[in-house]
Amino acid sequence: MSDITKPTLRERLDSVPARITLSIVSMVVTVVVLGGGFVYLRDNAATAPRVIVALTALTIGVGGIWALYFSLNGLAEVLPETARDKVLPWVFLGPALVSLGFFLVWPSLNTLWLSFFERGEYVGLANYIFIFQSSAMRTVLVNTVLWVVLVPTVATSLGLLIAVMTDRFSTTSEKVVKSLIFLPMAISFVGASVIWRFVYAYQPPGLPQIGLLNAIVTFFGADPVAWIIIRPWNNLLLMFIMVWLQTGFAMVILSAAVKGVPKDLLEAARIDGANEVRSFFSVTIPYIAGTILTVGTTILFLVLKIFDVVYVMTSGQHGTNIVALRMYQEAFQFRNFGRGSALAVFLFVVVIPLLIQNVRSMREKSF
Amino acid sequence: MAQNTATQQQEHAEGLAARESELRHAAGARGSILGSMKAKRIIGGIPVRIFVIVILAIWTLPTMGLLVSSFRTQTAIQQSGWWVGLFNFTNFEQWTLANYDRVLTADGMAGAFFNSILITLPATVIPITMAAFAAYAVSWMKFPGRQFLFVMIVGLLIVPLQMALIPVLRVYTANNISGTFVGMWLAHTGFGLPLATYIMYGYISGIPKSILESAYADGATPWMLFTRLILPLSVPAIASFAIFQFLWVWNDLLVALVFFGTRRPIVTTRLAELVGSRGQSWHVLTSGAFVTMIVPLIIFFSMQRYFVRGMMAGSVKG
């Protein structure tokens, strides 16, 4: 059926005036639908019936993006082929470039600029001096250093340990163990915080302890502890939540690496009289050192930027604040945009080595 | 695995064959030396097993406690630990669905769930689409500045989100976009694009040139190449990124707090608020937390392989 109708239809649609009309019409329709839907959603989302909001939202959100490319492409195809091939890359790239420019490139530069101001006045380096010299920031910096050192180290070591140990299990039990340990990766930082808040829950002595940790502590006869507010140990308990979330990631990657260690290397070590522990430290670890480093730094950079756990557990009180949370508080709670910007720049400067390394290895690989 | 160990042992036995020959004669078979090694392994394996069991307990019991408690009445939660409730499973008075009823309606979790879906779906589809078009252009079209562009995208990959929040929020507030769905989609699109483009580029640039060239020779336009060849061929990359981005947006708190506010909540902002205002009402918090986790858990259990791939691919995100 399509054999008969398609060519004629295509011929008709291929004539230049038809193509111009078609693409202009589709462009106009796109703009009207997207713009109208946008304004409708912006002004009515709170009051309009939910079904209508949902349908409008999904249509303009999902369909709109395709309509946009379709009509832009239609316009480009009107041009003769050589011109089309010059224009088309920019049509395909355009929306992505505009988004990257508006949401990442421009704001980053602007944040850098804003970090030298406070309340509209130029203050030079005052915001940076605040970061490094004020007593309020000292705990924040110390905590952040502890977070980025301890969490990646513990999560990576645990992940490696589990990977090596389950490597000798039967296929099924290895799979089950691994997927249970990986499971927290699906849970949001907020959700995980609630889960662990419940584990750390505290009731005054005499009342039944409903938090697992205090139940264990009182089972052994000690007094229950209000874990979340005892300094400085509360920091470790918050960090453990992050370890709990990230160990699965380390385990999966390191498990693949451990399985990649050549069997004859391990065999040779064994013949030379090394026991399992020895051959783990002198064969396996050196062999996968690169992967261990990658996993560790990946977790490190994640930990640096995550504020959710501390936000939910303590809001940064009881001596638990970290840079990422302080940045949020300065900028969006205290409205100190300059200080907030300076803290953001601080986070950015710390990740610059990774950025340089990424760009370098990418250049070698792809071009 | 079992096979592996068997061959390993066999190789081992062959490697030692010369030295073992005497022992073999004595024992009558090579079983004895391997047997003693096996015994040693099993004995050495007991601490390993205990360690793994302890780890497993720490990794699963907290979530289980949450799930069990979410089905217990407020009084039951306060009077005994969830493990006590589990041991006395047959005490049916403690079990209830009222917590969910309450958290979904009175505490607004149903609305938050709805808003989360409305934000997450387009915030996943839009960046994938943009990234696929962009990655196609960068891999297969010729234009000046191609290499620079790609390096820029890789560089943007790890720019911390925090660098973008303040200026974008100012523009949003000035144009009444703050607190809108569209604003959230666009923000998540912008922040997700570098990773999306990076993943899609890795995949699309690896498609054999000959396939594209022969289609091109048959008169296919770039649009046709893209929609009929590139997209269908990149389904694995799309699936990995889609799962990662979906979960990232669903689980996100920071972007939602800054650009969407809490007047209209999504699941994460609502749950965080509940912790603040009802910190000791565990019947509300446990059921509320489980509502926020249900979608990611379904994805985890139904598409585990893609889930792991997606999380691995996304680990480089800034």
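Residues numbered from 1 in each chain as written. Chains lettered and ligands numbered in written order. Predicted model: local features only at pLDDT ≥ 70, side-chain atom pairs only at ≥ 80, totals over all residues. Heavy atoms only, no water.

Novice: Help me understand empty space enclosed by the protein in this model?
Specialist: To find leftover empty space, one rolls a probe the size of a water molecule over the atoms. Scanning the entire structure with this criterion turns up 4 cavities of 30 Å³ or more. Estimated volume of the largest cavity: approximately 600 Å³. Around the largest cavity sit 29 residues that line it, and A:Phe189, A:Leu302, A:Ile306, B:Phe244 and B:Trp248 are the ones nearest its centre. Secondary structure elements with two or more residues in the lining of the largest cavity: helix 10 (233–259) and helix 13 (289–305) of chain A together with helix 13 (235–251) and helix 17 (304–314) of chain B. Classifying every residue of the lining of the largest cavity gives 17 nonpolar, 8 polar and 4 charged. (1 Å grid on protein atoms, 1.4 Å probe; cavity = no way out; pocket = protein on both sides within 12 Å on 5 of 7 lines; lining within 4 Å. Points joined across faces, edges and corners; volume = space filled by probe spheres on them. Helix = DSSP H or I, 4+ residues; strand = E, 2+ residues; numbered from the N terminus. Nonpolar A, V, L, I, M, F, W, Y, C, P; charged D, E, K, R; others polar.)

Novice: Explain a nonpolar patch on the surface to me, please; I cannot follow it from the model alone.
Specialist: All names here are of chain A. A cluster of nonpolar side chains, contributed by Val 142, Val 145, Leu 146, Val 149, Leu 150, Val 154, Trp 233 and Leu 236, occupies part of the molecular surface with about 670 Å² of accessible area. Breaking the nonpolar patch down by element, the ones donating at least two residues are helix 6 (135–166) and helix 10. If you tally residues by element for the nonpolar patch, the top one is helix 6, at 6 residues. Along the chain, Leu 236 falls in helix 10. In this structure Leu 236 comes out as partly exposed when scored by relative accessible area, which is 41%. (Patch = residues over 30% accessible without salt bridge, like charges linked within 9 Å, V, L, I, M, F, W, Y side chains within 5 Å. Areas by Shrake-Rupley, 256 points an atom, 1.4 Å probe, with all protein chains shown as cover. Salt bridge = Lys/Arg side-chain N within 4 Å of Asp/Glu carboxyl O. Buried < 20%, exposed > 50% of the residue type's maximum accessible area, 1.4 Å probe, protein only.)

Novice: What am I meant to see in the environment of A:Ser188 here?
Specialist: Along the chain, A:Ser188 turns up in the loop between helix 7 (171–182) and helix 8 (189–199). Linking A:Ser188 and A:Val309, residues 121 residues apart in sequence, is a C-alpha distance of 9.6 Å.

Novice: Any chance you could explain helix 9 (residues 162–174) of chain B here in plain terms?
Specialist: An α-helical turn contains 3.6 residues, so a residue and the one three or four places further along point in the same direction. Residues and elements named next belong to chain B. When the local axis directions of helix 9 are compared, the greatest deviation, roughly 25°, occurs at Val 168. Within the span of helix 9, buried status applies to Gln 162, Met 163, Ala 164, Leu 165, Ile 166, Pro 167, Val 168, Leu 169 and Tyr 172. Looking one or two places after helix 9, you find Asn 176, whose phi comes out positive at around 60°. (Bend = angle between axes of the 7 residues up to and from the residue.)

Novice: Just to check I follow, could you spell out the interface of chain B and chain A for this structure?
Specialist: Size of an interface, as often reported, equals the accessible area lost when the parts are brought together. The partner chain A presents 116 residues to the 122 residues of chain B that form the contact. Of the roughly 10,900 Å² buried between chain B and chain A on both sides combined, carbon and sulfur atoms contribute 79%. Contact with chain A buries surface across chain B, with B:Trp59, B:Met163 and B:Trp223 losing the most and accounting together for 8% of the total. Between the two partners, chain B and chain A, sit 0 salt bridges. Taken together, the links from chain B to chain A amount to 8 residue pairs in polar contact (both at pLDDT 80 or more). The dominant element in the side of chain B that touches chain A, judged by the number of residues it contributes, is helix 3 (residues 31–70) of chain B, at 17 residues. Split by residue class, the side of chain B that touches chain A holds 84 nonpolar, 30 polar and 8 charged. (Contact = heavy atoms within 4.5 Å. Buried area = accessible area lost by both parts, 1.4 Å probe. Polar contact = N/O pair within 3.5 Å; in protein donor to acceptor, adjacent residues only side chain to side chain.)

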